[in-house]
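Remarks on the overall topology
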Amino acid sequence: MAMANAATDTKHCSVGEYFELEEYSEVRHEFYHGELFRMDGTTIRHNFIIDNVKDVLRTIFKPKGCLVVSETVRLEVVKDKYYSYPDIAFSCDNSNHDNEVTIRYPSLIVEVLSESTAANDRGFKWHHYKNIPSLQHYLLVSQHECLAELYSRTEKLEIWLYQSFAQLSDVVDFKHLGFQLAVAKIYDGISFDPQETVGISGEA
C-alpha cells in the first residue's frame, strides 16, 4: 500500500502528535516530515496476496522468534521523520519487541501494487526504504498480473540486485534470509481470468 496522493491536513504536526492521533484514529495515516497521509482501502485480491506471503513467512520464521506484521503495524523508516504502513514487514531483530505498535530494523518489506500505488511504491517509498541499514530484500507483487519483483542488497551496500519473476513456476530466492518462495504460493487461490468479477478462484 502507498501513501495517499494528498495530505489529509496541510497543517504540520509533530511526530508526538502523530503517534497520539494514530492511537485513537479509526483511519491509518502515514507520516512524512510533519504531513499526514490517509491510507486508502484495499481489495480482496490484495488481502489474499498478503495472507499468502505472510503465512509462508510465519510458518518458517515464527518458531525462530521473528516478527511478521502487516498493514496495521507501522514501520519506522526514518526516526521522527518518516513512518509508513507496508503491506508486510519482516524482522528477526529482538529490539522490535520493545515497541508494540512500531517495527524497526526490517530485513524484508513487501508491497502489493495497485494502479494507484505502483509509482509510489517503486519510486518514493523505495528511495527511502533502501536506506534502511537492516533491509536486505524489497519485494513488489502485482495484483493484476503474475509478476513479483525483488530487490536484494549486494556486498556493495548502496547497490541492489533487481530480479523479476513472471511465471507461476518461478521461485523467488531470498538468499540473505535463507529461504525461497514459490510464485505459485504468492498467488495461491487467485485467478487472472478477465471474466471474473472479483478475481479469486472459485468465486464470482
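Residues numbered from 1 in each chain as written. Predicted model: local features only at pLDDT ≥ 70, side-chain atom pairs only at ≥ 80, totals over all residues. Heavy atoms only, no water.

**Thoughts on the state of the cysteines**
What the rule picks out here adds up to 1 disulfide. At a sulfur-sulfur separation of 1.9 Å, the disulfide partner of C66 is C92. Between C66 and C92, the S-S torsion sits near 95 degrees, and that sign places the bridge as right-handed. In this pair, C66 sits in the loop between α2 (44-61) and β3 (67-69) while C92 sits in the loop between β6 (88-91) and β7 (102-103), placing the two residues 26 residues apart along the sequence. We classify C66 as buried; its relative accessible area is 9%. By relative accessible area, C92 is classed as partly exposed at 35%. (Disulfide = S-S within 2.5 Å. Helix = DSSP H or I, 4+ residues; strand = E, 2+ residues; numbered from the N terminus. Buried < 20%, exposed > 50% of the residue type's maximum accessible area, 1.4 Å probe, protein only.)

**Some thoughts on the confidence of the model for the chain**
Averaged over all residues, the pLDDT of the chain equals 88, while 88% of them reach at least 70. With pLDDT under 50 throughout, residues 1-7 is counted as low confidence; its partners more than four residues away or in other chains account for 32 contacts. Low pLDDT, under 50, characterises residues 196-204; the predicted model gives this stretch 17 contacts beyond four residues in sequence or across chains. (pLDDT = per-residue confidence, 0-100. Contact = heavy atoms within 4.5 Å.)

**Quick look at the pattern of salt bridges**
Using the criterion set out here, one finds 5 salt bridges in the structure. Between K125 and E30 there is a salt bridge, and its shortest N-O distance comes to 3.0 Å. Placement of the pair is K125 in helix α3 (residues 118-129) and E30 in strand β1 (residues 29-32), with a sequence separation of 95 residues. Overlapping salt bridges, with partners in common, bring together E30, E111 and K125 in one network. (Salt bridge = Lys/Arg side-chain N within 4 Å of Asp/Glu carboxyl O.)

**A closer look at the pairing of strand β8 (residues 108-113)**
A large share of β8 lies buried, amounting to 6 of its 6 residues. Of the two faces of β8, both are covered, the one formed by L108, V110 and V112 as well as the one formed by I109, E111 and L113. In the sheet, β6 pairs with β8 via 3 bridges, with the strands oriented antiparallel. Within the sheet, the bridge partner assigned to A89 lies in β8 and is I109. Each parallel crossover has a hand, and for β8 linked through α3 to strand β9 (residues 137-142) it is right-handed. (Pairing = 2+ DSSP bridges. Right-handed = clockwise from strand over helix to strand, strands pointing away.)

**Regarding the sheet that holds β6**
Strand pairs in the sheet, formed through backbone hydrogen bonds, run parallel or antiparallel to each other. With mixed pairing, the 6 strands of this open sheet are ordered in space as β3-β6-β8-β9-β10-β11. Both edges of this open sheet fall to β3 and β11 (160-165), since each of them pairs with a single strand only. In this sheet, adjacent strand axes meet at a mean angle of 15 degrees when their direction is disregarded. Two elements, β3 and β6, share 3 bridges in a ladder whose sense is antiparallel. (Axes fitted to C-alpha atoms, helices over the stretch in contact; angles between N-to-C directions.)

**Thoughts on unusual backbone geometry**
For E71, which is not glycine, the phi torsion reads 60 degrees and is therefore positive. Note that E71 resides in the loop between β3 and β4 (74-78). Note on E71: relative accessible area 15%, which makes it buried. For D80, which is not glycine, the phi torsion reads 65 degrees and is therefore positive. Note on placement: D80 falls in the loop between β4 and β5 (82-84).

**Looking at α2**
With 18 residues, α2 extends 26 Å between its outermost C-alpha atoms, agreeing within 8% with the 26 Å of an ideal straight helix rising 1.5 Å per residue. For α2, the full list of buried residues reads R45, H46, I49, I50, N52, V53, K54, V56, L57 and F61. Looking at the packing, one finds that the buried side of α2 touches β3, β6, β8, β9, β13 (179-182) and α4 (183-186). (Expected span 1.5 Å × (residues − 1).)

**Looking at the pairing of β13**
A one-sided burial pattern is seen for β13, the buried positions being F179 and L181 and the unburied ones Q180 and A182. With 4 bridges connecting them, strand β12 (residues 171-174) and β13 associate as antiparallel partners. By the bridge assignment, V171 is partnered in β13 with A182. Count of turn residues in the β12/β13 antiparallel hairpin: 4 residues, of which G178 carries a positive phi of about 75 degrees.

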